[in-house]
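# Summary of the model geometry
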Amino acid sequence: MILDSKVPDGPIEKKWDKHKFETKLVNPANKRKYDVLVVGTGLAGASAAASLAELGYNVKVFCIQDSPRRAHSIAAQGGINAAKNYPNDGDSVWRLFYDTVKGGDFRAREANVYRLAQVSASIIDQCVAQGVPFAREYGGTLSNRSFGGAQVSRTFYARGQTGQQLLLGAYSALMRQVGQGTVSMYPRREMLELVVENGAARGIVCRNLVTGEVESYAGHAVLLCTGGYGNVFYLSTNAASCNVSATWRAHKHGALFANPCYTQIHPTCIPVSGDHQSKLTLMSESLRNDGRVWVPKKKGDKRSPETIPEAERDYYLERKYPSFGNLVPRDVASRNAKSMIDEGKGVGETGLSVYLDFSEAIKRLGAEKIKEKYGNLFDMYHHITDEDPYKVPMRIYPAVHYAMGGLWVDYNLMTTIPGLFCLGEANFSDHGANRLGASALMQGLADGYFVIPYTLGGYLTSTKLPKTDASSPAFKDMEKAVAERTKKLLCVNGKRTPSDFHKELGKIMWDKCGMARNENELKEAISKIAALREQFWKDVKVTASNEEFNQTLERAGRVADYLEFGELLVRDALHRKESCGGHFREEYQTPDGEAKRDDANFSYAAAWEFKGVGQEPVLHKEPLTFENVHLAERNYA
Amino acid sequence: MNLTLKVWRQKGPNDAGKLVEYSAQGVSPDMSFLEMLDVVNEGLIKKGEDAIAFDSDCREGICGMCSLVINGQPHGPELGTATCQLHMRTFSDGDTIVVEPFRARAFPPVKDLAVDRSAFDRIMQAGGYVSVNTGNAPEANANLISHHVAEKAMDAAACIGCGACVAACPNASAMLFVAAKVSQYALLPQGQPERTRRALKMREAMDDEGFGNCSNEYACEAACPKEIKVSNIARFNREHLKASVCSEE
Amino acid sequence: MTEGKCASKCRLTSFMTSSLGKKFTVGAAGFLLGGFLVVHLAGNLFLFVGEGAFNHYAETLSNNPLLPAAEIALAALFLAHIVFALKVRFENAKARPVAYEVYEAKGGRTIGSKSMAVSGVLVLAFLIIHLKTFRFGDDKDGLYKLVMEWFKNPFYSGFYVLALAGLGLHLSHGFQSGFQTFGLNHPRYTPLIKKAGLVFAALIFLGFASMPIYFGFLRAP
C-alpha cells in the first residue's frame, strides 16, 4: 500500500485555494440525494454536520451521550488560537503555521498545518456570528491571551469555558438543522461496526444504548468525529465515555492508524488523591500566564510553601527556559515536572506534584483581576482539593490529556477506506508529535466548518456508489458480528469487573508507556497487555442483559477495544527510536535531557495496518518533508 | 466513612421504581459522590447484581450529563456545583443518603437514576441559535460589544443544560434553562434579528414539552451548578411580553 | 412572521394561553387587587374616626352610580386571578407525576412562596364570608354597627386576623413575584422591590387586622 497524502502541488500558500478550485462540486439539487453519517458531536462532528446540512446534504448524526451538547470538547477550557493579529504583536498565518509545526516537533504534515492556520481567522468570525460570548476589552473588541509555545497573544477565550461556548455554538447550529429537518439526530447510540461494501464505507452499525437494539444506518459517506483515545491510560482528563471503539473498529476494517504513540501529557492537572479516582481534572494552561511553577531547592522539603523563602525555591521553567519561562509547550513542562519529582523535589503528601503559585500575580494584579481571569478554575481546584488557591499555591501534576495520533487521513481528511473520513482529535493530521495549547479547538472546527464541506463533495462526485441500504448482506453480517460480540461479553461471567481490567491496563500504559519510555519496559508492556487481554475474555463479569440500558456492558466493550489498541500504541512507541514531542524515549535524549529527534530515520508518519488481534501490525510510512519550516532542534530557552 | 444509601431503582421507563438500601463502606472523604457510587457499583457487579445506572461523563462539572437528587437536592447540598464535583467530605460518617433521579414529566425515566432530557434539545431546535450559515460571518471585530454586555451574556451562556433547575423547581418548570438561552442572544447584537421569533418559538416548544409554570420561587437559581441568575427569567418574561404584545413582526 | 401559531391575529390568544401569559394574567390581576386593598383599607380606617364618618363614607360609596360597574370589574379581577392561578396550579401538579421521596430546596423558596395555594384558599374563604357578612349583611342600623357586632364575636375576629395574616403571607411572595413576571428585574432595584413587598404585605396585614384587634379585643368590654 502506498500512502498518498493527496497534498496539492504548488507553493504552500496556494495549495488550499487551488485544491478548493480543482475539487469538483456537487450540484445543489443533488446534495440532498446524498446521505452522510456523522459519528460524534464534538466540535468536529457538530460543526461538520451543521455545515453539511446547510449545504443541502442529508445528514444523520450519532452520539453516545443523551445530547449532542455533552461531547467532551465541552471541557476544553483555555481558548482557541487564530491568526488574527488583533494585538498587533506580529502574528500572521505564517507564524501560526510555523509555531504549530515547530510545536509539533516536526512530525506533522506541513500542508495540513498551513491550511489550519489559514482558516483559523474564519473560525473566530463564524463563532462570533453564532453568538459565542468571547471575552471583550472595554472598547468592545475581542480580547486575546497568550498560550504555551507562542510568543504572540493569539488565543481567544470565553472565561475558562471556551470549549463549552464553542461547542454550544456548533451545537446550536446543529440544532437549527435538526429543527429544519435536514439532520436526523440519534443520541445514546454507540457505533460498534463500520460497514464496508465494495471497498467503500457505506454505513455503520450501532447499539441503541437504551434498548440494546442493534441498528444499521446506510449512507454515501461516514465521518468519524469520535475524539481521542486518552482513556487507554484509564486515568486521564478525558470524559468517562471517551473511547477508541469507533476508530478501532474502522482500523480493523482497513483504516490505517497513525502515530498512536503521540499522546499529550498535560502539565497542569490536579494531582491524584487515591485509588478510587475515576478521572483527572485538568486546569487550563492559561494558568501558566500568571502562575509560576516551582519546587523547593532542597529534596524532600516538607515545609509548607509560604514558609519557604524565595531563595530556597527553584522556579525551574523560568531558570531553564528564560525566553518562554512558564509558557513552554506542554511536553516540555510535563517532562520537567516529572524530572523534578524524580529528583525527589515533589511536593504535597504524595510528593507527586509541583507548585503553581499565584501569589506574585495576586500581588501585582489584585485578587479581583485574578478571579475574573481564572475564577472558575480556582473554584474547581478548591472544590476538588479543599485548598484555597488564593491563599496557598496550587499543586499540579501532569496527566494524559490529548491524542495527537489517530486514523491516518489524506489532505481531504479521508482515511485509507474510501468514503470514511476522520475529523478532529480522532485523526492524526495536524499536531505532529505535540499539540500546542488552544489548537485542538481550532483543528476540530477547521475540519468541520471549513475543510470537510469542500473535500466531501470531491469524493462524492468522483466516485460511483451503487445503491445500498441497511438490509444488504454487508449490513446483516455486521449486525450479526455486533450481536455475537455482545453475547460473548455477557457470557464470560467471570469475577472481575470491566473497570478493574481498565485500571490494570491503565497502570501498565502509564508506568511503561507514559511520560518517559524505554525499550525494555515497552516490550514488557506488550506481553503484559496481551496477557491481560486474554484474561479479560476469561474473567470479565458483565451483569444484567443486552436488552436494557446497561452501562457495565458498554464499558466492557470499550475496555475490550482498549486492550487491543493499547498494544498498538506500545508497538508504535517501541518502533519509534527517537524522542519527539509527546513521545519521549529515555535512550534518545540530549545531554541536558531534552527530546532528541532522529530526522534521518524517523521523519515520517507511522501508519499501521491491522493484521489480526495479537498479530504484529504492518507499518506504512508517509514521509514528511519540510520545505517551509526548516528542521531544527526545538529550543525554548 | 460508612454510609447508608437509599437509591431509587427502576428497571425501565415503564416499570415501577422504589428506594433500595445499600451500604457504602470505607468511603474516603476525597472521593467524589460519583466515585463513591462507582465503588458501590463495583461491589454490586462482583456480587452478580445489576449496577446502579446513572449518567455522568466529564466529571468536572461542565458537560451537564450528571444529575441525581441527593437528599432532596439536585446535585446535592453544595451550592454552585454539579454532582460530579460534590465530594464525600460534605457528609459525615453514618449518614443516610437518599438518591433519586431528576423527576419531571418532561424528563421521562430511562433506568434507575438516568432520565431522558432530550426535551431541552427540542427547545433548542425551536430557536436556540443564531441563523448564520458557515462561511456567512462578518469580520469578528465588526460588531463591538461592551465588556459588561459580553460578561452578562457569558453568565447566561454558562448553562450546562443539566436540568437541575427543572428538578429543583416545585413545578418542574424549565424557565431558567430557556431564559438563559433567550437572554444570551437577547443581550448580544448577533441575536437581534431573530429576537422576537426566538422568544415566541422557544416558549412554545417549552410549553409543548409539558414542563410546569414558573412561580418565581427561585429554587432553580439555588440549585443551578453554574449559578445562572433568575434575572434571566425576568428578561425572558420581558422578551416574550414584548414579542407577544408590542412586536409588529 | 406570518406562519402558523404565531400569526399576529392570534398572537394575543397564544400569549394568554401560554405559560408566561397565564402567569402574567395572575400577576396583573393580583397587582390591581393589591391596589383595591389599599383603597379598601383607606376606607376602613374611617372606623377609627367614628361611627358618623364611617357610615357617611359607606353611604357615599354605595350611592355612587359607578359602584356596580366597579364591583363587576373587581369580581372579574378576582375571578381571573383565581381561575388562572388554579389552572397554573393544576398544570404544575401534572408536570411532576412521580413525587420526590425527599424534597428540599437549596434556597429561594420562602414560607410565603410555599404557601401561596393555602394562603390563597384561606383568603378566598374569608372573602366569601366577608361578602356575606358585610356586603350583603343587614346594615339597616348603619354599617358601623354591623361591623362592631361582628367584631365583638371573638371567633369572627380571630378568623379575620388569621385570614389577613394569610393575605399578608400571600402578598409577601406575590408582590415581588409580580415584578419578576412583568420582567422588571434589576440588580439594584430588585432587592429593594423584595423589601418593599414585605413592607407592603406587613402594612396591609397590620392595617386590616388592627380593626378587629382593636374593636374586637382591646376595646371590647
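Residues numbered from 1 in each chain as written. Chains lettered and ligands numbered in written order. Predicted model: local features only at pLDDT ≥ 70, side-chain atom pairs only at ≥ 80, totals over all residues. Heavy atoms only, no water.

## Here's the deal with the packing of helix α6 (residues 162–179) of chain A against helix α12 (residues 440–462) of chain A
Residues and elements named next belong to chain A. Direction vectors running N to C along α6 and α12 enclose 10°, while the axes themselves pass 11 Å from each other. The angle between α6 and α12 places the two elements in the roughly parallel class. From α6, T162, G163, L166, G169 and A170 reach across to α12, where they touch L441, L445 and Y449. Of the residues belonging to the contact of α6 with α12, the class tally is 5 nonpolar, 3 polar and no charged. (Axes fitted to C-alpha atoms, helices over the stretch in contact; angles between N-to-C directions. Helix = DSSP H or I, 4+ residues; strand = E, 2+ residues; numbered from the N terminus. Parallel < 35°, antiparallel > 145°, perpendicular 65-115°, else oblique. Contact = heavy atoms within 4.5 Å. Nonpolar A, V, L, I, M, F, W, Y, C, P; charged D, E, K, R; others polar.)

## Overview of the domain arrangement of chain B
Residue and element names in this part refer to chain B. Entries for chain B in the domain assignment read domain 1 (3–111) and domain 2 (117–130 + 144–248). Here the C-alpha centre of domain 2 lies 28 Å away from the C-alpha centre of domain 1. A buried area of about 1,500 Å², summed over both sides, lies between domain 1 and domain 2, and 63% of it is on carbon and sulfur atoms. It is P74, A106 and F107 in domain 1 that bury the most area against domain 2; as a group they hold 34% of the surface buried on that side. Here D55 makes a salt bridge to R117, at a shortest N to O gap of 3.9 Å. Remark: the boundary between domain 1 and domain 2 carries 4 residue pairs in polar contact (both at pLDDT 80 or more). Of the residues contributing to the side of domain 1 that touches domain 2, the split by class is 12 nonpolar, 6 polar and 3 charged. (Domains from an automatic or database assignment. Buried area = accessible area lost by both parts, 1.4 Å probe. Salt bridge = Lys/Arg side-chain N within 4 Å of Asp/Glu carboxyl O. Polar contact = N/O pair within 3.5 Å; in protein donor to acceptor, adjacent residues only side chain to side chain.)

## Concerning the packing of aromatic side chains
For the structure on display, the rule yields 57 aromatic pairs over all chains. Considering the side-chain rings of A:F378 and A:Y390, the 4.7 Å spacing of their centres and the 50° angle between planes classify their relative orientation as tilted. Of this pair, A:F378 sits in helix α11 (residues 367–385) while A:Y390 sits in the loop between α11 and β16 (394–403), placing them 12 residues apart in sequence. On the basis of relative accessible area, A:Y390 is assigned to the partly exposed category, the value being 26%. Of the aromatic side chains, those joined through ring pairs into one cluster are C:F15, C:F24, C:F31, C:F175, C:F179, C:F182 and C:F200. Over the ring of A:Y315 we find A:R292, and its NZ or CZ is 3.8 Å from the ring centre. Sitting over the ring of B:W8, B:R103 keeps its end group 4.0 Å from the ring centre. (Phe/Tyr/Trp six-rings, centres within 6.5 Å; stacked < 30°, edge-to-face > 60°. Buried < 20%, exposed > 50% of the residue type's maximum accessible area, 1.4 Å probe, protein only. Lys NZ or Arg CZ within 6 Å of the ring centre and 35° of its normal.)

## Some words on the sheet that holds strand β17 (residues 406–407) of chain A
Residue and element names in this part refer to chain A. Judged by pairing direction, the sheet is antiparallel, and its 4 strands sit side by side in the order β17-β11-β19-β20 without closing on themselves. Edge positions in the sheet fall to β17 and β20 (618–623), since each of these pairs with one other strand and no more. Strand contacts of helix α16 (residues 551–575): β11 (257–258), β19 (604–609) and β20, with the helix running at about 145° to β19, the strand carrying the most contacts. (Pairing = 2+ DSSP bridges.)

## Observations regarding a negative patch on the surface
The grouping of C:E59, C:D139, C:D141 and C:E149 at the surface amounts to a negative patch. Relative to the helices and strands, C:E59 resides in helix α4 (residues 51–63). (Patch = residues over 30% accessible without salt bridge, like charges linked within 9 Å, V, L, I, M, F, W, Y side chains within 5 Å. Areas by Shrake-Rupley, 256 points an atom, 1.4 Å probe, with all protein chains shown as cover. Lys, Arg positive; Asp, Glu negative; His and termini not counted. Charge placed at Lys NZ, Arg CZ, Asp CG, Glu CD.)

## A short note on the interface of chain C and chain B
Counting residues at the interface gives 44 residues for chain C and 61 residues for chain B. Both faces considered, chain C and chain B share a buried interface measuring about 4,300 Å² in area, 52% of it formed by carbon and sulfur atoms. Between chain C and chain B we count 1 salt bridge in total. Its salt-bridge partner being C:R109, residue B:E217 comes within 2.7 Å of it at the nearest N-O pair. The tally of links from chain C across to chain B stands at 30 residue pairs in polar contact (both at pLDDT 80 or more). Those elements giving two or more residues to the side of chain C that touches chain B turn out to be α1 (11–17), α2 (19–44), α5 (67–94), α6 (111–114) and α9 (154–181) of chain C. In the side of chain C that touches chain B, the residues fall into 16 nonpolar, 14 polar and 14 charged.

## Focus on unusual backbone geometry
Excluding glycine, residues mostly carry a negative phi; peptide bonds, for their part, are mostly trans. Even without glycine at this site, A:A544 takes up a positive phi of about 60°. Take A:A544: it is sitting in the loop between α15 (519–539) and α16. The exposure class assigned to A:A544 is partly exposed, which follows from its relative accessible area of 32%. In the Ramachandran plot, B:A172 falls in the positive-phi region, its phi being about 50° despite a non-glycine side chain. Residue position: B:A172 is located in the loop between α4 (164–168) and α5 (175–187).

## Details of the sheet that holds strand β3 (residues 69–70) of chain B
All names here are of chain B. Read from one edge of the open sheet, 5 strands run β2-β1-β5-β3-β4, paired in mixed fashion. Of all the strands in the sheet, just β2 (18–24) and β4 (73–74) have a single pairing partner and so form its edges. Bridge count between β3 and β4: 2 bridges; the pairing is antiparallel. Residue pairing in the sheet places I70 in a bridge with Q73 of β4.

## Things to note about the arrangement of the chains
Inter-chain contacts occur across 2 pairs of chains; the most extensive set of contacts lies between chains A and B. Taking C-alpha atoms only, the smallest gap left between chain A and chain C, which are not in contact, amounts to 15 Å.

## A short note on the interface of chain B and chain A
Taken residue by residue, the interface counts 75 residues in chain B and 75 residues in chain A. Between chain B and chain A lies a buried interface of about 6,300 Å² when both sides are counted; carbon and sulfur atoms form 50% of it. Looking at the side of chain B facing chain A, the largest losses of area belong to B:E60, B:T134 and B:H147, adding up to 11% of the total buried there. Here A:K84 makes a salt bridge to B:E139, at a shortest N to O gap of 2.9 Å. Connecting chain B to chain A are 48 residue pairs in polar contact (both at pLDDT 80 or more). For the side of chain B that touches chain A, the elements supplying multiple residues, two or more each, are α1 (33–46), β6 (109–111), β7 (114–115), α2 (118–127), α3 (147–157) and α5 of chain B.

## Focus: the pairing of strand β8 (residues 200–208) of chain A
Residues and elements named next belong to chain A. Of all 9 residues that make up β8, 9 are buried, and the element is covered over most of its length. The pairing of strand β7 (residues 189–197) with β8 spans 8 bridges and is classified as antiparallel. Each bridged residue has a counterpart across the sheet, and for R189 the counterpart in β8 is N208. Connecting the antiparallel pair β7 and β8 is a turn made up of 2 residues, with N198 showing a positive phi of about 50°. From the end of β8 to the start of strand β9 (residues 214–218), which pair antiparallel, there are 5 residues, and G212 there has a positive phi angle of about 85°.

## What to know about the side chain of A:R189
All names here are of chain A. With respect to the helices and strands, R189 occurs in strand β7. Of note is the side chain of R189, whose polar atom sits 2.7 Å from the backbone oxygen of P187. A polar side-chain atom of R189 sits 2.5 Å from a polar atom in the side chain of E215. Apart from the residues within four sequence positions on either side, R189 is in contact with F62, C63, I64, C206, R207, N208, L209, E215 and Y217.

## Describing a nonpolar patch on the surface
Residues and elements named next belong to chain C. Side chains of L45, F48, I213, Y214, F217 and L218 sit close together on the surface and give an oily, nonpolar patch of about 550 Å² of accessible area. With 4 residues, the top contributor of residues to the nonpolar patch is helix α10 (residues 189–218). Its place among the elements puts F217 in helix α10. Residue F217 is classed as partly exposed on the basis of its relative accessible area, which comes to 43%.

## Examining the environment of A:K369
Residues and elements named next belong to chain A. Tracing the backbone through its elements, the reader meets K369 in helix α11. The exposure class of K369 is partly exposed, given its relative accessible area of 36%. Residues K369 and R159, spaced 210 residues apart in sequence, show a C-alpha to C-alpha distance of 12 Å.

## Brief notes about the confidence of the model for chain C
All names here are of chain C. On average, residues of chain C carry a pLDDT of 93, and 95% of them reach 70 or more. Confidence drops under a pLDDT of 50 for residues 1–6, and excluding neighbours within four residues, the segment shows 12 contacts in the predicted structure. Scored by ipTM, the complex comes to 0.98, with pTM at 0.96. (pLDDT = per-residue confidence, 0-100.)

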